[in-house]
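Listed here are the chains, written in short residue letters.
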Amino acid sequence: MNPLFLNTFTGIGLFLIGVRLLTLHMQQVGQQRLRSFLARLGGSGWRLRLVGLVAGAGFQSVNALIQVVVALVHADTLSMRQGFRLVAWANLGTSFLVLVATFNYLHPLALGLIGITGVLFYVRLDRSARWGHAVGVLLALGLLFLGIDFIKAGSAGVRADPRLAHALQAMDTWPWGAWALGVLASFVAQSSLPITLVVMAIVGGGAMGGGTAGMVVLGTGLGSALSTWFLVGHLERSARQLAMYQLLFRASGSVVLALAWWGGILWGLGAHGTDPDVVHDVLAALFVGHYLVSLVLLAVLDQPLTLALARRWPPAPETLWRQPRYIHAGALQHPVWGLDLLLREHQRLLAELPDGLSAWRSEQAQSPDWVAQRLDGLRQVLKACDAFAEGLMAQAPEAAVAHRLLEARNRHALLRGLIDTLDDMAALVSPGAASTFVAQVHPLAEGLHAMLTLLAEQEAAPDPLTAQWLLGLSQDRVADLQAFRQGLRHQVLDEGVLSALLDAASLHQRCVWLVRQWLLHSAEIGRAHV
């Protein structure tokens, strides 16, 4: 084998190993760092764009970053639109390596990084919990840069092979074939970077015309986006939205600039016979330029595209259950507004609590697993409310606002008790005896469902008569529950079903008590603010 070809092959291998190592080490720390960083910044404006650039340059794999963004969207650290923007600017960040490839002193830089990493490995810093990933990133960058240097060194081997050089030069007459070659090659490689670097190295060796090379480079954008769809497009709906956004992002810049290049608008910048060093730099600019064109095009179509993707792949119900509807990071700087949003979130949680009885009711019945997921979603929203209230208190609001925030936080304990009690109630329904159990607890379920529904309505639109009626209804249910228990003992029931029904009566009593505590707490708050 031609040693120069072997240099290119080795360079591609080193480059891919470096990208893989860089992605692995960045994934270990990237999600948590991104989550905390975005939570502090609010995830908007130029700061989000900067985070996207840095994340793209660090991960060097938009496919891996999309999986991190999906987790951040599920955790409500990012909205889907913010996730789109982060992915868009991360694409631009990945072009960092193409710009590095134009650097003439890459060889000593690569060897220096590998040498430093070797010393760090010798002193076992790679095993450090604090510095291990940083050492891994240094090694990955060293291998990346060394791979790029090998690829550039091996480009002369293409020119030395007359058949291959002739075939590449013949592609000047078939520019769309060169574009299709870029699409196919980057789809197989699952990345546009190694293909672009190989083409830049070949052009630097004078074996390929600038026009052909430009079409290949532009084709790599679409090919790598197609690979993203095949890698994550089969996942749940949020991942599909991000994968389709990535596909449209890369395809728009690739196709628009390819049409411009083919039509002669940009062709003169990279004509065959131009100084290879100039063409080399033009290709690097073209690679970055197709990202910039994509950013402009999708910025214009941002709102309609976001809505279209949301309609095509709406978030799964389980995802929506876990997301707060009103509170958000942008309100943390405004305690009065934030308090109003927090109270509206409380109203939303109360309005959805009756769904927690769906496993007990014959009407609109749901499985215990569905109820458990539903209540877990409410629990996650309540957890976000806790963090939001704590963030508002950290702003040192006025005394009256601070007092109301403390009252709101006290309510969280009651909400958490109601959610946990309903969860325990749903867990009593066993698949083998569900019909018997539901038939027996029907009176308890319907009464409690009506009580929780009225409580939510009372919270949304306070009415003194309704509040008094609910207080009277929840005051003393001991006699009713005792009659329920006595009635069970006179029936022939399976021992397991009987035990579950007796536990159900106790849980029902606890739930009614929590409703009463909520009403008393609300009445106390009302008197305090009169």
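These figures come from a predicted structure and were not determined experimentally.

Enquirer: Explain the overall build of the chain to me, using residue names and the numbers behind them.
Expert: Helix and strand counts for the chain stand at 23 helices and zero strands. Here the chain, with 530 residues, has 48% of them falling under the buried criterion. Relative to all contacts within the chain whose residues are 6 or more apart in sequence, the contacts with residues 24 or more apart total 81%. Carbon and sulfur atoms make up 62% of the accessible area of the chain, which totals about 24700 Å².

Enquirer: Can you lay out the environment of R404 for me, pointing to particular residues and giving the numbers?
Expert: Tracing the chain through its elements places R404 in helix 19 (residues 399-427). Here the alpha-carbon distance between R404 and L339, two residues 65 residues apart in the chain, equals 8.0 Å.

Enquirer: Tell me about helix 2 (residues 45-59), residues and numbers included.
Expert: Across its 15 residues, helix 2 extends 21 Å between first and last C-alpha, which sits within 8% of the 21 Å expected from 1.5 Å per residue. Those residues of helix 2 lying buried are L48, V51, G52, A55, G56, G58 and F59. Taken around the axis of helix 2, the buried residues stretch over an arc of 165°, which confines them to a single face. The outward face of helix 2, more than 90 degrees from its buried face, is lined by the exposed residues W46 and V54.

Enquirer: Tell me about unusual backbone geometry, and please be specific about residues and values.
Expert: Peptide bonds are mostly trans, and most non-glycine residues show a negative phi. For R124, which is not a glycine, the phi torsion comes out positive at approximately 60°. Here R124 lies in the loop between helix 6 (106-122) and helix 7 (132-154).

Enquirer: Break down the packing of helix 17 (residues 335-352) against helix 18 (residues 368-393) for me, with residues and values.
Expert: The contact between helix 17 and helix 18 brings their axes to 11 Å, and the two run at 165°. By the angle between their directions, the pair helix 17 and helix 18 is classed as roughly antiparallel. Like other packed secondary-structure pairs, helix 17 and helix 18 cross with a definite hand, here left-handed. Listed contacts from helix 18 to P335, G338, L339, L342, E345, R348, L349 and E352 of helix 17 are R374, L378, V381, L382, C385, F388, A389 and L392. Broken down by class, the residue content of the contact of helix 17 with helix 18 amounts to 11 nonpolar, one polar and four charged.

Enquirer: Summarise the pattern of salt bridges; cite the residues concerned and give the values.
Expert: Tallying each qualifying case throughout the model produces 12 salt bridges. Residues D302 and R85 are paired through a salt bridge, measuring 3.5 Å at the closest nitrogen-oxygen approach. Of this pair, D302 sits in helix 15 (residues 302-312) while R85 sits in helix 4 (residues 80-94), and the two are 217 residues apart along the sequence. On the basis of relative accessibility, which here comes to 13%, the residue D302 falls in the buried class. Exposure remark for R85: the relative accessible area of 32% places this residue in the partly exposed category. The partner of R379 in a salt bridge is D376, with the nearest N and O atoms 3.6 Å apart. Here the residue R379 and the residue D376 both occupy positions in helix 18, the gap between them amounting to three residues, near one helical turn. In the salt-bridge network here, residues are joined through shared partners; they are E345, R348, E352, D355 and R374.

Enquirer: Lay out the environment of H328 in plain terms, naming residues and giving numbers.
Expert: With respect to the helices, strands and loops of the structure, H328 is situated in the loop between helix 16 (317-321) and helix 17. Residue classification places H328 among the partly exposed positions, given a relative accessible area of 35%. Between the C-alpha atoms of H328 and L342, which are 14 residues apart in sequence, the distance is 9.5 Å. Those residues in contact with H328 that sit more than four places away from it in its chain are W337, L341 and F388.

Enquirer: Kindly report on the packing of helix 2 against helix 4, identifying the contributing residues and their values.
Expert: Across the interface, helix 2 lies against helix 4 with an axial gap of 6 Å and an inter-helix angle of 50°. With respect to their mutual orientation, helix 2 and helix 4 come out oblique. Helix-helix and strand crossings are classified by hand; for helix 2 and helix 4 the assignment is right-handed. On helix 4, the residues touching L48, R49, V51, G52, L53, G56 and A57 of helix 2 are Q82, R85, L86, W89, A90, L92, G93 and T94. Residue composition of the contact of helix 2 with helix 4, grouped by class: eight nonpolar, five polar and two charged.

Enquirer: Account for helix 21 (residues 464-473), naming residues and giving values.
Expert: Quick reminder: α-helices carry 3.6 residues per turn. Residues three or four places apart thus point the same way. The complete set of buried residues in helix 21 reads A467, L470 and L471. Considered in projection along helix 21, the buried side chains sweep an arc of 100° and stay on one side of the axis. Turned more than 90 degrees off the buried face of helix 21, the exposed positions are L465 and Q468.

Enquirer: Report on the side chain of S294, specifying residues and quantitative values.
Expert: Tracing the backbone shows S294 in helix 14 (residues 276-300). A relative accessible area of 0% places S294 in the buried class. Once residues lying within four places of it in the same chain are set aside, the contact partners of S294 are F249, R250, S252 and G253.

Enquirer: Tell me what's going on with a nonpolar patch on the surface, and back it up with residues and numbers.
Expert: Taken together, the side chains of V119, Y122, V123, L125 and W131 present a nonpolar region at the surface, about 550 Å² in accessible area. Mapped onto the fold, W131 is located in the loop between helix 6 and helix 7.

Enquirer: Describe in detail the packing of aromatic side chains, supporting the description with residues and values.
Expert: Using the criterion set out here, one finds five aromatic pairs in the structure. Ring geometry for F84 versus Y245: centroids 4.5 Å apart, planes at 5°, classification stacked. Remark: Y245 occurs in helix 13 (residues 237-262) and F84 occurs in helix 4; sequence separation between them is 161 residues. Residue F84 shares its accessibility class with Y245, and that shared class is buried. Put simply, the rings of F84, Y245, F249, F287 and Y291 touch in pairs and so form one group of aromatic residues.

Enquirer: Break down the side chain of S254 for me, citing the residues and quoting the values.
Expert: Locating S254 in the fold gives a position in helix 13. Judged by relative accessible area, which is 0%, S254 ranks as buried. What S254 contacts, discounting residues up to four positions off in sequence, is W179, L218, G219, L222 and H290.

Each value, and the rule that gives it
- Residues numbered from 1 in each chain as written.
- Predicted model: local features only at pLDDT ≥ 70, side-chain atom pairs only at ≥ 80, totals over all residues.
- Heavy atoms only, no water.
- Helix = DSSP H or I, 4+ residues; strand = E, 2+ residues; numbered from the N terminus.
- Buried < 20%, exposed > 50% of the residue type's maximum accessible area, 1.4 Å probe, protein only.
- Contact = heavy atoms within 4.5 Å.
- Areas by Shrake-Rupley, 256 points an atom, 1.4 Å probe, with all protein chains shown as cover.
- Expected span 1.5 Å × (residues − 1).
- Arc of directions from axis to C-beta.
- Axes fitted to C-alpha atoms, helices over the stretch in contact; angles between N-to-C directions.
- Parallel < 35°, antiparallel > 145°, perpendicular 65-115°, else oblique.
- Left-handed = near helix turned anticlockwise from the far one by under 90°.
- Nonpolar A, V, L, I, M, F, W, Y, C, P; charged D, E, K, R; others polar.
- Salt bridge = Lys/Arg side-chain N within 4 Å of Asp/Glu carboxyl O.
- Patch = residues over 30% accessible without salt bridge, like charges linked within 9 Å, V, L, I, M, F, W, Y side chains within 5 Å.
- Phe/Tyr/Trp six-rings, centres within 6.5 Å; stacked < 30°, edge-to-face > 60°.

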